[in-house]
Amino acid sequence: MIAIVNIGQLVTLSGPAHPRTGVELSDLAIINDAALLIENGHSEPALKGTGFSPYIQPAEETRALAPEGRILAAGSHSALKSQIPPDATIIDANHRCVTPGFVDAHTHLVFAGNRAAEFEQRIAGATYQQIAAAGGGILRTVALTRATTENELLAAARRHRDWMLRSGTTTIEAKSGYGLDRKTELKMLRVIRRLNEEGPTRIIPTLLAAHTVPPEYKDRRADYIRFVSEELIPEVAKLGLAKYCDAFCDDHAFTVDECRTVLTAAKKHGLKLRIHAEQFRSGTGADLAAELGAATADHLETVTEETLQRLRKAGTQPVLLPGSVFALSRTQYPPARKMIEAGLAIVLATDFNPGSSPVPSMPFMLSLACLEMRLSPAEALTAATINAAHSLGLGAEIGSLEAGKQADFVIHEFADYRELAYFIAAPTRPRVFIAGREVAL
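Predicted model, so just to flag it, every value in this text is computed and none were measured.

Novice: Help me understand the overall build of the protein chain, please; the structure alone is not making it clear to me.
Specialist: A tally of regular secondary structure across the protein chain gives 17 helices and 17 strands. Here the C-alpha radius of gyration of the protein chain, 21 Å, is about what a compact globule of 441 residues would show, namely 22 Å. Viewed in the frame of its principal axes, the protein chain has a C-alpha envelope of about 70 × 45 × 45 Å. Across the protein chain, contacts joining residues at least 24 apart in sequence account for 76% of those joining residues at least 6 apart. If the 46 positive side-chain charges of the protein chain are averaged to one point and the 50 negative ones to another, these points end up 2 Å apart.

Rendered as structure tokens:
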């Protein structure tokens with residue numbers, strides 16, 4: 001057993017076994033002067049490895065050394081101290097705050113290169129759409145990713161993953177979408193699988209071949225939709241390379257009807273659905289998410305109140321991505337308060353990508369959510385943990401600190417969870433644990 005003791009504030013987020021809505025978003029189930037008991041945990045660093053990342057080891061060795069650490073109990077130290085055996089490994093939290101690890105439910109983790117030149121262009125006044133229309137944007141990253149080997153792409157993805165780990169993210173949803181051809185889309189999904197297998201983070205794979213139209217199909221959009229729907233999706237599903245399928249519904253990407261074709265094919269082949277919707281204009285995909293019963297509708301900066309009601313009835317969770325609004329110097333953030341009033345189980349994620357949101361930090365997302373979308377720190381933390389876990393079908397496994405769940409948690413440098421959002425972009429060094437095992441950061 002491992003016993004985390006001397007916890008000043010244990011934010012358990014224990015509660016109902018469904019995504020949190022309304023007042024439930026503010027109930028963090030905090031225990032003061034607490035302890036956390038874990039079975040099958042490890043006190044030594046998670047992975048020692050060599051090279052750029054401290055986590056790299058062969059997948060077989062990683063899995064052999066890291067049986068899942070489960071939470072035995074979370075409660076006050078006075079109530080649990082009699083359950084701690086003499087041979088338990090004791091970790092002193094030094095009166096600090098402990099929360100579940102962040103669950104980042106929308107990322108573009110795997111890509112080659114960067115788009116720093118476009119960052120400068122936007123500062124000079126070019127819009128995201130103007131850059132994309134000129135052949136930049138997503139297509140710039142597609143060209144770089146196509147030209148990169150699988151091992152090189154894996155090394156780049158490890159680097160991005162490490163940034164997220166350092167800020168307390170323990171589970172990551174990762175999309176393809178910078179290949180837009182069979183070879184590179186499969187290459188990206190294999191990289192995601194390899195990264196998940198080597199650990200320590202859990203990575204959930206999503207096929208996003210419907211990200212934008214590749215240049216070789218510029219005048220043959222219908223052919224590209226057929227390729228994705230009739231060839232790529234069946235192959236990806238057969239190989240088990242993705243759990244979800246996503247599509248980008250936008251004036252510079254795919255129409256509602258094109259997204260319907262892609263996502264209907266994905267659903268037919270057993271993939272669950274997510275969709276980029278209504279980032280720049282209403283009527284671009286959120287109603288489709290409700291129609292098809294998608295797990296999530298992501299972005300939603302321009303969503304209408306009528307559509308929010310349809311999403312609620314469909315059980316579709318909104319994934320809010322304030323990092324992309326911030327990084328594009330826009331001012332229209334998703335209407336988070338209206339979503340809460342409508343009874344929706346909001347999720348908060350980074351949208352980490354090389355163009356519109358080069359932001360890997362979940363704590364920074366909490367700050368933006370509080371300052372720009374008027375969420376309370378408690379609502380933001382719930383959206384970034386247990387609700388995000390539910391959006392990935394993992395609400396019974398991670399996202400809160402309850403008996404039976406995997407022990408993914410963070411010992412922060414402070415004593416109050418509100419400081420996560422309050423100290424904006426602070427270079428903190430939390431202690432991160434995945435499956436009861438401390439990650440060597």
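Let us keep going from here.
Novice: Honestly, the state of the cysteines in this entry has me stumped. Any pointers?
Specialist: Disulfide: a covalent bond formed between the sulfur atoms of two cysteine residues. Throughout the structure, instances matching the rule amount to zero disulfides. As a non-bridged cysteine, Cys245 has Cys259 as the owner of its nearest cysteine sulfur, 9.5 Å distant. Taking relative accessible area as the criterion, Cys245 reaches 1% and is therefore assigned buried. Summary of cysteine pairing: Cys249 is not part of a disulfide, and the nearest cysteine sulfur, belonging to Cys259, is at 4.1 Å.

Novice: Please clarify how the nonpolar core should be interpreted in this entry.
Specialist: In a soluble, globular protein the nonpolar side chains are often hidden away together inside. Residues Leu207, Ile233, Ile275, Leu348 and Leu366 are the most contacted members of the largest nonpolar core, which totals 101 residues. The contact partners of Leu366, leaving out residues within four places of it in the chain, are Phe102, Leu348, Ala380, Leu381, Ala384, Leu420 and Ala421. The next biggest cluster of nonpolar side chains, apart from the first, holds 16 residues, and it includes Ile7, Leu10, Leu36 and Ile411.

Novice: What exactly am I supposed to notice about unusual backbone geometry here?
Specialist: The phi angle of most residues is negative, glycine excepted, and most peptide bonds adopt the trans form. Between Gly199 and Pro200 the backbone carries a cis peptide bond, its omega angle lying at 0°. Within the element layout of this structure, Pro200 appears in the loop between helix 7 (182–198) and strand 9 (202–210). One non-glycine residue, His95, adopts positive backbone phi at about 65°. In this fold, His95 is placed in the loop between strand 5 (89–92) and strand 6 (97–100). Not every positive phi belongs to a glycine, and Leu300 is a case in point at roughly 65°. Assignment of secondary structure puts Leu300 in the loop between strand 12 (296–299) and helix 11 (305–314). We classify Leu300 as buried; its relative accessible area is 0%.

Novice: Can you help me understand the sheet that holds strand 13 (residues 317–320) in this one?
Specialist: Hydrogen bonds between backbone groups are what pair the strands of a sheet, and the pairing can be parallel or antiparallel. Reading across from one edge, 7-8-9-10-11-12-13-14 is the order of the eight strands in this open sheet, with parallel pairing throughout. Sheet topology places strand 7 (102–104) and strand 14 (347–348) at the edges, where each strand pairs with a single neighbour.

Novice: Looking at this structure, how should I read the packing of helix 8 (residues 221–239) against helix 9 (residues 256–268)?
Specialist: Any two packed helices are characterised by the angle at which their axes cross and by the distance between the axes. The geometry of helix 8 relative to helix 9 is characterised by a closest axis approach of 9 Å and an angle of 10° between their N-to-C directions. As the angle between them shows, helix 8 and helix 9 are arranged roughly parallel. Mapping the contact onto sequence places Arg221, Ile225, Val228, Ser229 and Ile233 in helix 8 and Glu258, Thr261, Val262, Ala265 and Ala266 in helix 9. Residue composition of the contact of helix 8 with helix 9, grouped by class: six nonpolar, two polar and two charged.

Novice: Teacher, can you tell me more about helix 8 here?
Specialist: For the α-helix, the turn length of 3.6 residues means that residues three or four positions removed from each other point alike. Relative to the 27 Å expected for 19 residues at 1.5 Å per residue, helix 8 spans 26 Å between its end C-alpha atoms, a close match to the ideal helical length. Along helix 8, the sharpest change in direction is near 35° and occurs at Leu232; proline Pro234 comes one to four residues later. Among all positions in helix 8, only Tyr224, Ile225, Phe227, Val228, Ser229, Leu232, Ile233 and Val236 are buried. Next to the buried residues of helix 8 lie helix 7, strand 9, strand 10 (244–247) and helix 9. Gly240 occupies a position one or two residues after helix 8 and carries a positive phi of about 70°.

Novice: What exactly am I supposed to notice about the pairing of strand 10 here?
Specialist: Working note: regular strand, side chains alternate between the two faces of the sheet. Every second residue of strand 10 is oriented toward a common face, with Tyr244 and Asp246 on one face and Cys245 and Ala247 on the other, all of them buried. Remark: the strand 9/helix 8/strand 10 crossover connection has right-handed handedness. As paired elements, strand 10 and strand 11 (residues 272–277) share two bridges and run parallel to each other. Residue pairing across strands places Cys245 opposite Leu273, the latter belonging to strand 11. Running through helix 9, the crossover from strand 10 to the neighbouring parallel element strand 11 is right-handed.

Novice: I keep staring at the pattern of salt bridges and nothing clicks. Help me out?
Specialist: Pairs can form between side chains of opposite charge whenever their charged atoms are close. Summed over all chains, the structure comprises 26 salt bridges. Here Arg161 ties to Asp162 by a salt bridge, and the two come within 2.8 Å at their closest N and O atoms. Of the charged contacts, one joins Glu291 and Arg260 as a salt bridge, the two residues approaching to 2.9 Å between their closest N and O atoms. In this pair, Glu291 is assigned in helix 10 (residues 286–292) and Arg260 in helix 9, connecting sequence segments 31 residues apart. Given a relative accessible area of 48%, Glu291 falls into the partly exposed group.

Novice: Would you mind showing me how to read the side chain of Ser357 here?
Specialist: Relative to the helices and strands, Ser357 is located in the loop between strand 14 and helix 14 (362–373). You can call Ser357 buried: its relative accessible area is 0%. A polar side-chain atom of Ser357 sits 2.8 Å from the main-chain carbonyl oxygen of Thr350. In this structure Ser357 touches Gly323, Ser324, Ala327, Thr350, Asp351 and Phe352, once residues within four positions along its chain are discounted.

Novice: Just to check I follow, could you spell out the packing of helix 6 (residues 150–166) against helix 7 for this structure?
Specialist: Two elements in contact, helix 6 and helix 7, have axes separated by 10 Å at closest approach and are oriented at 55°. By the criterion of interaxial angle, the relationship of helix 6 to helix 7 is oblique. Considering how the two elements wind past one another, helix 6 and helix 7 form a crossing that is right-handed. Along the contact surface, helix 6 presents Glu150, Asn151, Leu153, Leu154, Ala157, Arg158 and Arg161, while helix 7 presents Lys187, Met188, Arg190, Val191, Arg194, Leu195 and Glu198. A class-by-class count of the residues in the contact of helix 6 with helix 7 yields six nonpolar, one polar and seven charged.

The rules behind the values
- Residues numbered from 1 in each chain as written.
- Predicted model: local features only at pLDDT ≥ 70, side-chain atom pairs only at ≥ 80, totals over all residues.
- Heavy atoms only, no water.
- Helix = DSSP H or I, 4+ residues; strand = E, 2+ residues; numbered from the N terminus.
- Rg over C-alpha atoms; globule rule 2.2 N^0.38 Å.
- Contact = heavy atoms within 4.5 Å.
- Lys, Arg positive; Asp, Glu negative; His and termini not counted.
- Charge placed at Lys NZ, Arg CZ, Asp CG, Glu CD.
- Disulfide = S-S within 2.5 Å.
- Buried < 20%, exposed > 50% of the residue type's maximum accessible area, 1.4 Å probe, protein only.
- Core = buried A, V, L, I, M, F, W, Y, C linked by side-chain atoms within 4.5 Å.
- Pairing = 2+ DSSP bridges.
- Axes fitted to C-alpha atoms, helices over the stretch in contact; angles between N-to-C directions.
- Parallel < 35°, antiparallel > 145°, perpendicular 65-115°, else oblique.
- Nonpolar A, V, L, I, M, F, W, Y, C, P; charged D, E, K, R; others polar.
- Expected span 1.5 Å × (residues − 1).
- Bend = angle between axes of the 7 residues up to and from the residue.
- Right-handed = clockwise from strand over helix to strand, strands pointing away.
- Salt bridge = Lys/Arg side-chain N within 4 Å of Asp/Glu carboxyl O.
- Polar contact = N/O pair within 3.5 Å; in protein donor to acceptor, adjacent residues only side chain to side chain.
- Left-handed = near helix turned anticlockwise from the far one by under 90°.

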